[in-house]
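# Overview (structure and organization)
The residues making up each chain are set out below.
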Number of protein chains: 2
Amino acid sequence: MAFTYDYARPALTVDCVVFGFDGGGLQVLLIRRALEPFAGSWAFPGGFVEMDEDLDVAARRELEEETGLRDVFLEQLYTFGAPARDPRGRVVSVAYYALVRPDQHPAAGGSDASEAGWHAVDELPGLAFDHAEVLRVALERLRGKIRYQPVGFELLPKRFTLGQLQGLYEAILGRGIDKRNFRRKVAAFDFLVPLEEFVRGRHRPARLYRFDRRKYRALEKRGFLFEL
Amino acid sequence: MAFTYDYARPALTVDCVVFGFDGGGLQVLLIRRALEPFAGSWAFPGGFVEMDEDLDVAARRELEEETGLRDVFLEQLYTFGAPARDPRGRVVSVAYYALVRPDQHPAAGGSDASEAGWHAVDELPGLAFDHAEVLRVALERLRGKIRYQPVGFELLPKRFTLGQLQGLYEAILGRGIDKRNFRRKVAAFDFLVPLEEFVRGRHRPARLYRFDRRKYRALEKRGFLFEL
DNA sequence: AATACTTAGTGTGTTTTCCACACTAAGCAA
DNA sequence: TTGCTTAGTGTGGAAAACACACTAAGTATT
């Protein structure tokens, strides 16, 4: 079976930049490509868009097929369409970025791809296609977004300590933050609710918090602007 | 001649939301469609992407063909790909938004389209396709962007008064701004250079300013963050 | 049992920024 | 000359941002 059109059409794909946070630094999920082109090298999970599926549906489908991830935060990033970005011919890719919590992190690769794994964003292997550029754009977007939208919580466990939250912001923004000022600021947010649970390590137990999305949305509707 | 592929491919288009500012309110440039579908109704300028052209090149080409506009600020907005957004079949559209100065405003329609014209954003006619949604996203982006990036100057003449600048911000953000606070803030930006020229109306002459992009870029590199 | 270690958690004074607010200046028109 | 219109300016009070150092409460080690 074949498909014929009066005019040439680019192929259309989706790609997902999946960010994770392990307490230390920011990470991305890469697939080792099984097929040509770029067989054996690392790339973001992605694939061709089906004819009857919406773009974000395609992105979620490919993400699940190649990494097993589902029900994650996913948002369109940018569309890359340089004529020579894929050696197979004209392929336009709608890139998405996803944020996943540590407890959702997949252990190993899914079905389509031979191998999937986390890599620290600041020491990545060479990437296939124009994926280095895609990553650059995704990082820029994440850094811009995290300051003005409460997306950081998508990278932390449902219940987290203020230390973890601060560590996340420091890792993404790439600079230290004063602990007292940081805590004062977040304490003023009443969508950040303190729980009666604590985590114990070899130190004083730390209180757990959770992000209350409903409270946040209510505030947002009243004109509240998140900023951290 | 025809083109045949092993798998079905969506058609790919670009659309441009062109913003202008006339001193009163924000406006967008619409084309009255000559052809089906939606012949006779209003839409954003746009068209099919050629096989060998980059996406932003396609956007600029269509913009010039349909409105005569060239050398304008243009940035990718979002890609719309709902399966049923075009009655002709699966058409994915990469939307761009453009900002044009009043002195660049085209007088009338170009070649492709029967008619082009400016419309106030808050009293638009019904739009073809999903263009109402596209506009919503574009407005949201513009409102978000103008506060943190110096894009407003792309909507004003090269030389402008502080009154015009304030009027622009008030129009886009939809609220009044205190004149003295506004002027104090912009006076602190040294990439906003006062000229020795004044415009005269039936009132005290107003000093003209210009935006010095080089100075701005230099500051930006040193970590300066624009905010207004 | 005592000590050392680690991270959690808290308060204050200073500096900076934000904001509300009202009048004079300069030209044009009648 | 008067009136109209928009341009342009300064100050004091409130709020937010910031720099900064110690105590708290557990665990691990001896």
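Residues numbered from 1 in each chain as written. Chains lettered and ligands numbered in written order. Predicted model: local features only at pLDDT ≥ 70, side-chain atom pairs only at ≥ 80, totals over all residues. Heavy atoms only, no water.

## Some details on the relation of the copies chain B and chain A
A rotation about some axis, followed by a shift along it, carries one copy of the chain onto the other. Its rotation angle being 180°, the transformation that places chain B on chain A also includes 0.1 Å of axial translation and leaves an RMSD of 0.1 Å. In the structure described here, the two chain copies are related by an operation that fits a two-fold rotation axis. When C-alpha distances to the rotation axis are compared across chain B, the minimum falls at Thr4(B), with a value of 2.1 Å. Most of the interface of chain B is mirrored in chain A: 100% of its interface residues are interface residues there too. (Least-squares fit on C-alpha atoms with pLDDT ≥ 70 in both. Contact = heavy atoms within 4.5 Å.)

## Some points on the packing of helix α3 (residues 162–173) of chain B against helix α4 (residues 179–187) of chain B
All names here are of chain B. It is at 11 Å that the axes of α3 and α4 come closest, and there the two elements cross at 110°. When the axes of α3 and α4 are compared, the pair comes out roughly perpendicular. Along the contact surface, α3 presents Leu 162, Gly 163, Leu 165, Gln 166 and Tyr 169, while α4 presents Lys 179, Phe 182, Arg 183 and Val 186. Looking at the contact of α3 with α4 residue by residue, the classes come out as five nonpolar, two polar and two charged. (Axes fitted to C-alpha atoms, helices over the stretch in contact; angles between N-to-C directions. Helix = DSSP H or I, 4+ residues; strand = E, 2+ residues; numbered from the N terminus. Parallel < 35°, antiparallel > 145°, perpendicular 65-115°, else oblique. Nonpolar A, V, L, I, M, F, W, Y, C, P; charged D, E, K, R; others polar.)

## Observations regarding the packing of aromatic side chains
What describes a pair of aromatic rings is the distance from one ring centre to the other and the angle between the planes of the rings. Scanning all chains against the criterion turns up 34 aromatic pairs over all chains. Ring geometry for Phe191(B) versus Phe224(B): centroids 5.9 Å apart, planes at 70°, classification edge-to-face. Separated by 33 residues along the polypeptide, Phe191(B) in the loop between α4 and β10 (192–201) and Phe224(B) in the segment after α5 (213–221) bring together distant segments of the chain. Residue class for Phe191(B) comes out buried when judged on its relative accessible area of 0%. Residue classification places Phe224(B) among the partly exposed positions, given a relative accessible area of 24%. We note Arg9(A) situated over the ring of Tyr5(A); from NZ or CZ to the ring centre the distance is 3.8 Å. (Phe/Tyr/Trp six-rings, centres within 6.5 Å; stacked < 30°, edge-to-face > 60°. Buried < 20%, exposed > 50% of the residue type's maximum accessible area, 1.4 Å probe, protein only. Lys NZ or Arg CZ within 6 Å of the ring centre and 35° of its normal.)

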